[in-house]
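# Fold and geometry: a report
Listed below, chain by chain, are the residues.
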Amino acid sequence: MSRSRNTNRLAKKIRDQTSLTLSTASRLAQQAAVYLGSSVPDSPDPRQRRLEAHMAHVLADGLRDRQLNGALLGVREAEPEDQGVKLTLESDMADEVLRELLPRFDHFYGGIRGVPALRVRGSARQLILYDTVSTARVTVTRADSGSISLPSARDGEVLLWKRLPGGLSRDEHQEAEEWTDSRGITDLRVRDLLLSRILRCPGLVNRAAEPHGFANCYTHHAGDLVIEWCCGDTVEALCAVLLAHGFAEEVSRANAIELISRHSAHLGDRTVILNRHGSCLYGRNAEDLAESIRKGYE
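Below or above, wherever it landed, is the structure these notes cover. Predicted model, so just to flag it, every value in this text is computed and none were measured.

About the thresholds
Residues numbered from 1 in each chain as written. Predicted model: local features only at pLDDT ≥ 70, side-chain atom pairs only at ≥ 80, totals over all residues. Heavy atoms only, no water. Pairing = 2+ DSSP bridges. Helix = DSSP H or I, 4+ residues; strand = E, 2+ residues; numbered from the N terminus. Axes fitted to C-alpha atoms, helices over the stretch in contact; angles between N-to-C directions. Contact = heavy atoms within 4.5 Å. Salt bridge = Lys/Arg side-chain N within 4 Å of Asp/Glu carboxyl O. Buried < 20%, exposed > 50% of the residue type's maximum accessible area, 1.4 Å probe, protein only. 1 Å grid on protein atoms, 1.4 Å probe; cavity = no way out; pocket = protein on both sides within 12 Å on 5 of 7 lines; lining within 4 Å. Points joined across faces, edges and corners; volume = space filled by probe spheres on them. Nonpolar A, V, L, I, M, F, W, Y, C, P; charged D, E, K, R; others polar.

Let us now look at the sheet that holds strand S1 (residues 75–81). Across the sheet, five strands lie side by side as S1-S2-S7-S6-S5; this open sheet has mixed pairing. Edge strands, defined here as strands with exactly one partner in the open sheet, are S1 and strand S5 (118–123). Sheet twist, expressed as the average angle between the axes of neighbouring strands with direction ignored, equals 25 degrees. As judged from the six bridges shared by S1 and strand S2 (residues 84–89), these two strands associate in the antiparallel manner. Across the sheet, residue Glu79 finds its bridge partner in S2, namely Lys86. Most of the contacts of helix H3 (residues 46–63) go to strand S7 (residues 137–142), to which it runs at about 45 degrees, and overall it touches S2, S5, strand S6 (126–131) and S7. On top of the sheet, helix H4 (residues 94–101) reaches S2, S5, S6 and S7; it is set at about 15 degrees to S6, its chief contact.

Structure representation (structure tokens):
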């Protein structure tokens, strides 16, 4: 198929998924380098999507600007596995990803960090992270097939994930319940769907981190996830690629995408926020900063 026909096809798909005009959809489509036409495979189980969404949210807030080797949230590849998903983690980040995910009580923070009710089993080369209150699970391995180290307690921490699966404390149970609370969140289903997709399509979202090898992720509250970068894809180009792969499917057309400016866009009624700075933030210092991040993981 010629590039022009492919672009026209994508433009019509974007228009049909969203409330954008055909001219705006065409502008986005012209910026998408590749359109494969495939959708992101979702889990049919809402509890599985909810766990994956919570993991993506925790990693974004925990890792922030410590991404490495172009792996946002530390994920290199994702592969559907039964109703769950198997994640291949960036090797240098794998141990820290596990530390951020597994729940612990932090006395200095004054609360629980990580994903409450998450527990771990399996071998060091292939760990299964599972939710104790549902059948949801995520398998993690390292990209180099090496071992992933279980985290030890840091000063002021109590490792809740070491407790028996049924041994949830009141605080951990309450924290788990709060993730399912819709207060302040317009649509929990959309949040879980889109944040789960962030975890399941690293090949798409990692484009934001390619130029420098890192980007910045964070959250405002339990209902959103922000990706921030400066070089490479424009916001419209990244939106076009995501929409081409079905990122906004099953989201109402009115809320699928809002182009705030040339440098910012909201997907799913501000569930996923994309921000790109108008100029490079790092210049010649990018390589030194990447090396500093790498040393931090050592």
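For the structure shown, the criterion picks out 23 salt bridges. Arg64 is the partner of Asp61 in a salt bridge, and the nearest nitrogen-oxygen pair spans 2.8 Å. Classification of Asp61 by relative accessible area gives partly exposed; the value is 34%. With relative accessibility at 36%, the residue Arg64 sits in the partly exposed group.

Its boundaries defined by the atoms lining it, the largest pocket holds a volume of some 490 Å³. At the level of elements, H3, strand S4 (111–113) and helix H5 (170–179) are the ones that each hand at least two residues to the lining of the largest pocket. A per-element tally of the lining of the largest pocket places H3 first, with five residues. Split into classes, the residues belonging to the lining of the largest pocket amount to six nonpolar, five polar and six charged. Estimated volume of the second largest pocket: approximately 300 Å³. Lining of the second largest pocket is provided by 16 residues; of these, Arg50, Asp131, Val133, Ala176 and Thr180 occupy positions nearest its centre. Secondary-structure elements contributing two or more residues to the lining of the second largest pocket are H3 and H5. Examining the composition of the lining of the second largest pocket, we find that five residues originate from one element, H3, more than from any other. A class-by-class count of the residues in the lining of the second largest pocket yields eight nonpolar, four polar and four charged.

Turning our attention to the sheet that holds strand S9 (residues 216–218). Pairing within the open sheet is mixed, and its five strands lie in the order S9-S10-S13-S12-S11. Every interior strand has two partners, whereas the edge strands, S9 and strand S11 (257–261), have only one. Direction aside, neighbouring strands of the sheet carry axes that sit 15 degrees apart on average. In terms of strand pairing, strand S12 (residues 264–267) meets strand S13 (residues 272–276) through four bridges, oriented antiparallel. Each bridged residue has a counterpart across the sheet, and for His266 the counterpart in S13 is Ile273. Against the sheet, helix H8 (residues 235–244) touches strand S10 (225–229), S11, S12 and S13, its axis set at about 145 degrees to S13.

Geometry only, nothing functional implied.
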